[in-house]
Amino acid sequence: MGREVSESCIDSLLTEMVSTYCNRFYANKPELAARRIEAIGYQVGHQLSERYTMERPRFSDHLEAIKFICKDFWSELFKKQIDNLKTNHRGTFVLQDNRFRWLTRMSIDQSPENGASEEPSIMADNKAVQSMHLYFPCGIIRGALSNLGIPCAVSADISNLPACSFVVRIKA
Amino acid sequence: MAPAAPRTGEAIFASVERVNAELFTLTYGAIVRQLLTDLEEVEEVNKQLDQMGYNIGIRLIDEFLAKSNVSRCVDFKETAEVIAKVGFKMFLGVTASVTNWDAEGTCCSIVLEDNPLVDFVELPDTCQGLYYCNILSGVVRGALEMVSMKTEVTWIRDMLRGDDAYELQVKLLKQVPEEYPYKDDE
């Protein structure tokens, strides 16, 4: 096991990064904030996948690379694997994490006083904050795959909380 | 009920959820890089990193107090020791030492020989003037402000600038007496 830091370090850093871009730099331009957050994730994913594949043979096809993301890569980041992988065999893959750590931790962190609120405006706010946070892991996956020579688009679906599905569309 | 005994930084670090430090280090690096691209001015990046740290510090202090069970520090000297020995250890997994006290006991240095923020980091020449770890000084300043201590925190030594350690100078500017909204005998 390599060096570790407390999970609060990464949680605090991500929360603050999202808040810096969404509330301070681009308060009225969420799409610009989203692009920056995704770019930061891309950079991280690209570097991590470079490090984690250093001593591996090249992947023979897209599915092998995606499996690596689901297993080894995800385990390094979250100490668990992706729970479910689906594909249409035409370049779209759906990676589902049944209990995505950054969402479960962050939704609690965001609103300790109104965590269980039923009020629609607060729930909508929470959703908006959560989806902002998801640009970062989407960027990580896109960066990691791009480092493996697979250009793609990645989006997230949280209609099934606390499960989170990442949809990877490989560019032909 | 007797108050719980204070816990060491090692004990807390061993008991909290931990993550791969690479993820943390590379994420921080990517944020600094993005800030440099977006803000262009190195000075402005220093300021933003400090602000981000401050915002983190004012929240992290709660977790620190809750997990460490430290009782009220008698003076600033004890406060500095607790930050170095417990604070840095329980979050970053590294220990720091406190040195260079001034005669009044209001200014000292926290020295880090090991710093997970800078693993794999090399600064290009274009980043002269960047205080890469400025988020840390912000965290310390923010956390201390929440326990009524106004401080100024500055980098004295920085290994990314060729020094032999990371040295943070912490200067106590003002200690705001805590005012309770209630009287002791109520």
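Model, not experiment: these values are computed from the prediction. (Residues numbered from 1 in each chain as written. Chains lettered and ligands numbered in written order. Predicted model: local features only at pLDDT ≥ 70, side-chain atom pairs only at ≥ 80, totals over all residues.)

Considering the overall build of chain A
Move 1: Summing up its helical and strand segments, chain A has five helices and five strands in all.
Move 2: In chain A, the order of α-helices and β-strands from amino to carboxyl end is β-α-α-α-β-β-α-α-β-β.
Move 3: Within chain A, residue pairs in contact and separated by at least 24 positions form 60% of the contacts whose partners lie at least 6 positions apart. (Helix = DSSP H or I, 4+ residues; strand = E, 2+ residues; numbered from the N terminus. Contact = placed C-beta atoms within 7 Å.)

As for the interface of chain B and chain A
Interfaces are often sized by the amount of accessible area the parts lose when they come together.
Move 1: Contact residues are listed per partner, giving 30 residues for chain B and 25 residues for chain A.
Move 2: Of all the elements in the fold, those that place two or more residues in the side of chain B that touches chain A are strand E1 (18–20), helix H2 (21–39), helix H3 (42–68) and helix H4 (76–92) of chain B.
Move 3: A total of twelve residues in the side of chain B that touches chain A trace back to one element, the largest contributor, which is H2 of chain B.
Move 4: Its residues assigned to classes, the side of chain B that touches chain A shows 17 nonpolar, six polar and seven charged.
Move 5: Taken together, the three bridges between strand E1 (residues 4–6) of chain A and E1 of chain B define a ladder with antiparallel strand orientation. (Nonpolar A, V, L, I, M, F, W, Y, C, P; charged D, E, K, R; others polar. Pairing = 2+ DSSP bridges.)

Regarding the pairing of strand E5 (residues 164–170) of chain A
A regular strand places its side chains so that they alternate between the two faces of the sheet.
All names here are of chain A.
Move 1: As defined by bridge partners, strand E3 (residues 92–97) adjoins E5 across six bridges and the pair is classed as antiparallel. Among the inter-strand pairings, Leu95 is bridged to a residue of E5, identified as Phe166.
Move 2: Note that strand E4 (residues 152–157) and E5 share six bridges and pair antiparallel. What sits directly across from Asp157, in E5, is Ser165.

Section: the nonpolar core
Move 1: Core analysis: the biggest nonpolar cluster contains 90 residues, and Ile37 and Ile141 of chain A together with Phe24 and Val140 of chain B have the highest contact counts within it.
Move 2: Residues within four places of Ile37 of chain A in sequence aside, it is in contact with Met17, Val18, Tyr21, Met132, Tyr135, Phe136 and Gly139 of chain A. (Core = buried A, V, L, I, M, F, W, Y, C linked by C-beta atoms within 7 Å. Buried ≥ 20, exposed ≤ 12 C-beta atoms within 10 Å, placed from the backbone.)

Some thoughts on the confidence of the model for chain A
In low-pLDDT regions, the fine details of the predicted coordinates are not to be read closely.
Move 1: Summarising the model, chain A shows a mean pLDDT of 88, and 88% of its residues fall at 70 or more.
Move 2: Across chain A, E3 of chain A holds the top mean pLDDT of 98, while helix H4 (residues 101–110) of chain A sits lowest at 65. (pLDDT = per-residue confidence, 0-100.)

Let's talk about the sheet that holds E4 of chain A
Residue and element names in this part refer to chain A.
Move 1: Within the open sheet, the four strands sit side by side as E2-E3-E5-E4. Their pairing is antiparallel. Of all strands in the sheet, those with a lone pairing partner are strand E2 (84–87) and E4, marking the two edges. Recorded for the sheet is a direction-independent mean angle of 20° between the axes of neighbouring strands.
Move 2: Bridging between E2 and E3 involves four bridges; their strand directions are antiparallel. Paired with Leu85 across the two strands is Leu95, which belongs to E3. (Axes fitted to C-alpha atoms, helices over the stretch in contact; angles between N-to-C directions.)

Things to note about the pairing of strand E3 (residues 107–112) of chain B
All names here are of chain B.
Move 1: For strand E2 (residues 96–99) and E3, the ladder comprises four bridges, and the chain directions are antiparallel. For Thr99, the partnering residue across the bridge sits in E3 and is Ser109.
Move 2: Pairing of E3 with strand E5 (residues 166–175) involves six bridges; the strand directions are antiparallel. Counterpart to Cys108 in the pairing with E5 is Val170.

Let's talk about the packing of helix H1 (residues 7–25) of chain A against helix H2 (residues 30–52) of chain A
Residue and element names in this part refer to chain A.
Move 1: The N-to-C vectors of H1 and H2 enclose an angle of 155°; their axes lie 9 Å apart at closest approach. The angle between the axes of H1 and H2 places the two elements in the roughly antiparallel class. With respect to the hand of their crossing, H1 and H2 are arranged in right-handed fashion. Together, Met17, Val18, Tyr21, Cys22 and Phe25 of H1 and Pro30, Ala33, Arg36, Ile37 and Ile40 of H2 make up the contact between the two elements. (Parallel < 35°, antiparallel > 145°, perpendicular 65-115°, else oblique. Left-handed = near helix turned anticlockwise from the far one by under 90°.)

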